[in-house]
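# Coordinate inspection notes
Next come the chains, spelled out residue by residue.
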Amino acid sequence: MTAFDSGTMPVQLQEIPPPTEPRIAYPEPHLWTTDVTALVHGKTFLASDLAGNVMPPGHPNVGFFYDDTRYLSYLQLRVNGHPPVVLSSNTSDGISTRVEMTPKGSIHGSGLDLPVNAVYMRREQVLEGRVLHDVLYLHNYHVEGIRLTIEFSFDADFMDIFQVRGIVRGKSGRYFAPVHERSSSVFVYEGLDNKLRSTTIRFDPPPAQIRENSSSWNIELAPLGRSQISIGIVPRIADKTPTVSAAEFAKMEVAPGAARPGLDGALEELEDGLDVWLAECSRFHSDNDIFDAMLQTSIRDFYALQIRQPTGRMIAAGIPWFATLFGRDSLIASFETLILNSELAKGTLRVLAAFQGNRSSDERDEDPGKILHELRSGEMTNTGEVAFGRNYGSVDATPLFVILLSEYFRWSRDMDFLVEMKPHLRAAVDWLLEYGDLDGDGLIEYCRRSPKGLFNQGWKDSGDAIEHADGRIAQPPIALVEVQGYAIDAFARASTLFALLGSHATSELMAKKSQELRKRLDAAFWLPEEGFYALALDRDKKFVRVKASNPGHLLFANAIDDHRAQEVVNCLMDPDLNCGWGIRTLSKGEKTFNPMSYHRGSVWPHDNAIAAYGMALYGFHAQSAQVLSSLYETAIRFRDYRLPELFCGIQRGRGDDPVHYPVSCSPQAWASGAIFLVLTGLLGIRPDAHNRELKVVNPHLPHYLTKLSIDELRVGKSRIWLEFLRRDGRTFCNVTRHEGEQISISVVYQ
């Protein structure tokens, strides 16, 4: 322990041994259990147990993270030496965690020991920017006075997110014993990346005692009395310079007069921000309260996951491992939520345009025009130990960028933005033409150029995701079937956009490329004997002849004819792929099938939503509704009705619940947006803001909804109120209100 005189004396830091790395301390598989809750604000998040504690200390499942670093690896509340009993715990409002508790065991009062349940405790945790507020409220419901010892224990291991995920680094920077002042404690770490990182913990009121890694208060609660302890936890990072050493950094953090933690102001600010967000969004109301609650959870998730960049706001991929910018994930999540708030798409496009590739780099898998895969900023990224600082290792983000830009324009008619994006659009299609085809066969392929990069670079990016039927791992360059669909759609949409921008020769070239690739797709991937598309082609142009979910994305991309679409839908709805909770990533008939794997038999909500949206576009409403129903029935069996990143593809049986995947992220952006995408397709909502039109084509409500209203749906500069009613097996749509710019609205039944 290092003491600090709040005058002018320098801080004397005491160096201590580094903590044990998570993979060594916890060698067992790191399971993200259902007993872990997450509180999120952009790139900052708290993963804790149901009591709000970061426990066990240093475990890979828990911690307070900011910008790819764990700033708090241990946080535990004890009362009279024991953890309190948790009565209830929830994070349903999306901005705070609330835990109701009571002390464990007997409590000493002014007379005899008091009965249990005499003291009510409420713990509330809120993220305000990068600051974590942790407030404990105490209420004595007994007629006698009560004495309590409240203790909070802390530690900060400053582990990089990749160490927490399981990489054994084998080295570290310098750790120092915490520095204590009367009302604060500071943990300091000097990284190998020449950065200083600190965790400052501020207390109000000041504790009676601070020692090593704990602070304690002696609380005297009068009969029916109340008390409160507030803690604020602040992460900070700065460059180490000749004038800013670790000691000077620590001194700045414990300087007297610093602001005390304040929960009320933080909550008010967050609630105001949430209200602004909700006012910007379309509103959904149905005759099914649980369905509405599920949508509200998703809407709040998209508020919590927003990251603000200098060029705009966009969506973090998910918690705990992906609280950062991911090109593919952010693009798909933004497409999913155009019906909710198209401004997310605009922000995503603008931020990704700012990071668009501008040179060739093997280390980063970067080429001119390529769209970013991942942006990291932790210590291991800064030192080059991992290749994900500014990484371009995804083959699909670039065509998805073009697709989202086109779809955003359909919703917004934002011509100024389209003009702004023209050079980025041009660069993206140039990448498809010049760099996407690695071997000149007319297909878009991937092959990593850095040994530190991802081996597989489609959305199924685990190392064993793309395997032949006999279990051999397919070798790159690999052409994924869904990526060809994305490119077909991207070229077709780019043709329309370039025509609007007056680049007619380029428009004609894009249309030609789309048609050529459409023909090439069927010739290269269709397996007539099996009646489905191959998952991929390997480096030898051999089929990866397995039945997988990937061809469902061809429906989303409108990349195949109606006959092939029918066969794809039949394939996806077969029981070997559809487990009853959704469409598996891989058929259970395959040798490599494992329903508990990441990509070889699990169920991913976004994957299902993309296929179901495409089904509706092709007119397969019954099948699309069945997928939506499976997702709905899954969501209501998870906490707060929130769809996770993925779950196990175990066959559904009578009385079963979906089986949790052990390390699934939640909330995950493209899982939270899945229901909105399927609704857009099933309701037949087809905006054409440029021509001031909105078509509702063959709307269809699932069986558990008889009424659904969408208020203030934004198309261009118009706001529209729609009401959908299901009667006698048919769904009808009424326009109940319209504000803003004139727009032609038609309901079409085909």
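Residues numbered from 1 in each chain as written. Predicted model: local features only at pLDDT ≥ 70, side-chain atom pairs only at ≥ 80, totals over all residues. Heavy atoms only, no water.

## Describing the overall build of the protein
From N to C terminus, the protein includes 18 helices and 36 strands. In terms of C-alpha radius of gyration, the protein reaches 27 Å, essentially the compact-globule figure of 27 Å for 750 residues. In terms of its C-alpha atoms, the protein occupies a principal-axis envelope of roughly 80 × 60 × 55 Å. Looking at the protein as a whole, 61% of its 750 residues are labelled buried. Partitioning the intrachain contacts of the protein with sequence separation of at least 6 by distance along the chain shows that 67% fall at a separation of at least 24. (Helix = DSSP H or I, 4+ residues; strand = E, 2+ residues; numbered from the N terminus. Rg over C-alpha atoms; globule rule 2.2 N^0.38 Å. Buried < 20%, exposed > 50% of the residue type's maximum accessible area, 1.4 Å probe, protein only. Contact = heavy atoms within 4.5 Å.)

## So, the sheet that holds strand β23 (residues 322-326)
Each strand in a sheet pairs with its neighbour through backbone hydrogen bonds, running either in the same direction (parallel) or in the opposite one (antiparallel). Pairing within the open sheet is antiparallel, and its 5 strands lie in the order β21-β22-β23-β24-β25. In this open sheet, the two edge strands, each paired with only one partner strand, are β21 (306-309) and β25 (390-391). Examined bridge by bridge, β21 and strand β22 (residues 312-318) share 4 bridges and lie antiparallel to one another. Across the sheet, the residue bridging to Gln-309 is Gly-312, located in β22. With respect to the sheet, helix α7 (residues 343-354) is in contact with β21, β22, β23 and β25, its orientation differing from that of β22 by roughly 90°. (Pairing = 2+ DSSP bridges. Axes fitted to C-alpha atoms, helices over the stretch in contact; angles between N-to-C directions.)

## Things to note about the packing of aromatic side chains
What the rule picks out here adds up to 26 aromatic pairs. Here the aromatic rings of Phe-291 and Tyr-704 are separated by 6.0 Å at their centres, their planes lie at 45°, and the arrangement is tilted. One end of the pair, Phe-291, is in helix α5 (residues 289-304); the other, Tyr-704, is in the loop between β32 (693-697) and β33 (707-715), and 413 residues separate them in sequence. The residues Phe-291 and Tyr-704 share a single accessibility class, namely buried. Each residue in the set Tyr-66, Tyr-71, Phe-158, Tyr-175 and Tyr-189 is aromatic and connected to the rest through ring pairs, giving one cluster. Note that Arg-564 overlies the ring of Trp-526, its terminal NZ or CZ placed 4.0 Å from the centroid. (Phe/Tyr/Trp six-rings, centres within 6.5 Å; stacked < 30°, edge-to-face > 60°. Lys NZ or Arg CZ within 6 Å of the ring centre and 35° of its normal.)

## Digging into the sheet that holds strand β35 (residues 730-740)
Spatially, 4 strands are ordered β20-β33-β34-β35 in an open sheet, and the strand pairing comes out antiparallel. Because the sheet does not close on itself, it has two edges, and the strands there are β20 (283-286) and β35. Between one strand and the next, the sheet's axes are offset by a mean angle of 15°, whatever the strand orientation. Sheet topology note: the β20/β33 ladder contains 4 bridges and is antiparallel. Within the sheet, the bridge partner assigned to His-285 lies in β33 and is Ser-709.

## A look at the confidence of the model for the protein
Close inspection of predicted coordinates is inappropriate for parts of the model with low pLDDT. Averaged over every residue, the pLDDT of the protein is 92; residues scoring 70 or more account for 94%. Note that residues 3-8 has pLDDT below 50 and, in this model, 12 contacts with residues that lie over four places away or in other chains. Scored below 50 in pLDDT, residues 254-261 shows 17 contacts in the model against residues more than four places distant or in partner chains. (pLDDT = per-residue confidence, 0-100.)

## Considering unusual backbone geometry
Between Asp-204 and Pro-205 the backbone carries a cis peptide bond, its omega angle lying at 0°. Residue placement: Pro-205 occurs in the loop between β16 (195-204) and β17 (209-211). One non-glycine residue, Asp-365, adopts positive backbone phi at about 55°. Residue placement: Asp-365 occurs in the loop between α7 and β24 (374-375). Here the phi dihedral of Asn-698 falls at roughly 50°; this positive angle occurs in a residue that is not glycine. Inspection of the secondary structure assignment puts Asn-698 in the loop between β32 and β33.

## Some thoughts on the packing of helix α6 (residues 327-336) against helix α15 (residues 605-617)
Interaxial distance between α6 and α15 falls to 12 Å at its minimum, and their mutual angle equals 50°. The orientation of α6 relative to α15 falls into the category oblique. For the element pair α6 and α15, the recorded crossing hand is left-handed. Residues Ile-332, Phe-335 and Glu-336 of α6 form the contact with α15, whose own contacting residues are His-606, Ala-609, Ile-610 and Tyr-613. (Parallel < 35°, antiparallel > 145°, perpendicular 65-115°, else oblique. Left-handed = near helix turned anticlockwise from the far one by under 90°.)

## Some points on the pattern of salt bridges
Taken as a whole and assessed by the stated rule, the structure comprises 48 salt bridges. A salt bridge links Glu-124 to Arg-122, with the shortest nitrogen-to-oxygen separation between them at 3.6 Å. The exposure class assigned to Glu-124 is buried, which follows from its relative accessible area of 8%. Each member of the salt-bridge network shares a partner with another, and the members are Arg-283, Glu-712, Arg-714, Arg-719, Arg-737 and Glu-739. (Salt bridge = Lys/Arg side-chain N within 4 Å of Asp/Glu carboxyl O.)

## Some thoughts on helix α9 (residues 397-412)
An ideal rise of 1.5 Å per residue puts 22 Å on 16 residues; α9 measures up with 22 Å between its terminal C-alpha atoms. In terms of burial, α9 is a largely internal element, 15 of the 16 residues being buried. Count one or two residues on from α9 and you reach Arg-413, which has phi positive near 55°. (Expected span 1.5 Å × (residues − 1).)

## Here we look at a nonpolar patch on the surface
A cluster of nonpolar side chains, Met-596, Ile-650 and Val-659, forms an exposed patch at the surface whose accessible area comes to about 240 Å². With respect to the helices and strands, the residue Val-659 is situated in the loop between α16 (621-635) and α17 (669-672). What makes Val-659 partly exposed here is its relative accessible area of 34%. (Patch = residues over 30% accessible without salt bridge, like charges linked within 9 Å, V, L, I, M, F, W, Y side chains within 5 Å. Areas by Shrake-Rupley, 256 points an atom, 1.4 Å probe, with all protein chains shown as cover.)

## Concerning the environment of Gly-378
Locating Gly-378 in the fold gives a position in the loop between β24 and α8 (379-382). In this structure, the C-alpha to C-alpha distance between Gly-378 and Gln-651, residues 273 residues apart in sequence, is 40 Å. If we skip the residues at most four places from it in the chain, Gly-378 touches Asp-67, Asp-68, Thr-69, Asp-160 and Arg-197.

## Regarding the nonpolar core
Residues Ile-150, Phe-152, Ile-466 and Phe-525 are the most contacted members of the largest nonpolar core, which totals 218 residues. With residues up to four places along the chain from it excluded, the contact list for Ile-466 reads Tyr-446, Asn-456, Lys-460, Ile-473, Ala-474, Ile-478, Leu-480, Leu-535, Ala-536 and Val-544. Counting residues in hydrophobic clusters, the runner-up holds 9 residues, among them Val-11, Val-179, Phe-249 and Ala-250. (Core = buried A, V, L, I, M, F, W, Y, C linked by side-chain atoms within 4.5 Å.)

## Quick notes on the environment of Phe-638
Structurally, Phe-638 can be placed in the loop between α16 and α17. Along the sequence, Phe-638 and His-660 sit 22 residues apart, while their C-alpha atoms lie 9.0 Å from each other. Once residues within four sequence positions are removed from consideration, Phe-638 is found in contact with Pro-644, Phe-647, Pro-658 and His-660.

## Side note on α16
Helical geometry: 3.6 residues make up each α-helical turn, so side chains three or four residues apart lie on a common side. Here α16 spans 21 Å end to end across 15 residues, near enough to the 21 Å set by a 1.5 Å rise per residue. For α16, a buried count of 12 out of 15 residues is recorded, marking the element as mostly surrounded by other parts of the structure. Along α16, the residues classified as buried are His-621, Ser-624, Ala-625, Val-627, Leu-628, Ser-629, Ser-630, Leu-631, Tyr-632, Glu-633, Thr-634 and Ala-635. Check the buried side of α16 and you find it contacts α5, α14 (562-573), α15 and α18 (674-682).

## Looking at the side chain of Asp-160
Along the polypeptide, Asp-160 turns up in the loop between β12 (146-155) and α2 (161-165). At a separation of 2.8 Å, a polar atom in the side chain of Asp-160 contacts the main-chain amide nitrogen of Phe-162. If near-sequence neighbours (up to four positions away) are discounted, Asp-160 is found in contact with Asp-68, Gly-378, Glu-379, Met-380 and Thr-381. (Polar contact = N/O pair within 3.5 Å; in protein donor to acceptor, adjacent residues only side chain to side chain.)

## Some remarks on the packing of α15 against α18
Two packed helices can be described by the angle between their axes and the distance between those axes. Taken N-terminus to C-terminus, the directions of α15 and α18 make an angle of 5°; their axes are 8 Å apart at the nearest point. Taken together, the axes of α15 and α18 are roughly parallel relative to one another. When α15 is examined against α18, the residues Pro-605, His-606, Ala-609, Ile-610, Ala-612, Tyr-613 and Ala-616 are found in contact with a partner set consisting of Ala-674, Leu-677, Val-678, Thr-680, Gly-681 and Leu-682. Of the residues contributing to the contact of α15 with α18, the split by class is 10 nonpolar, 3 polar and no charged. (Nonpolar A, V, L, I, M, F, W, Y, C, P; charged D, E, K, R; others polar.)

## So, a negative patch on the surface
Negative charge collects at one region of the surface, where Asp-264, Glu-268, Glu-269, Glu-271, Asp-272 and Asp-275 lie side by side. Examined against the element boundaries, Glu-268 turns out to sit in helix α4 (residues 263-280). (Lys, Arg positive; Asp, Glu negative; His and termini not counted. Charge placed at Lys NZ, Arg CZ, Asp CG, Glu CD.)

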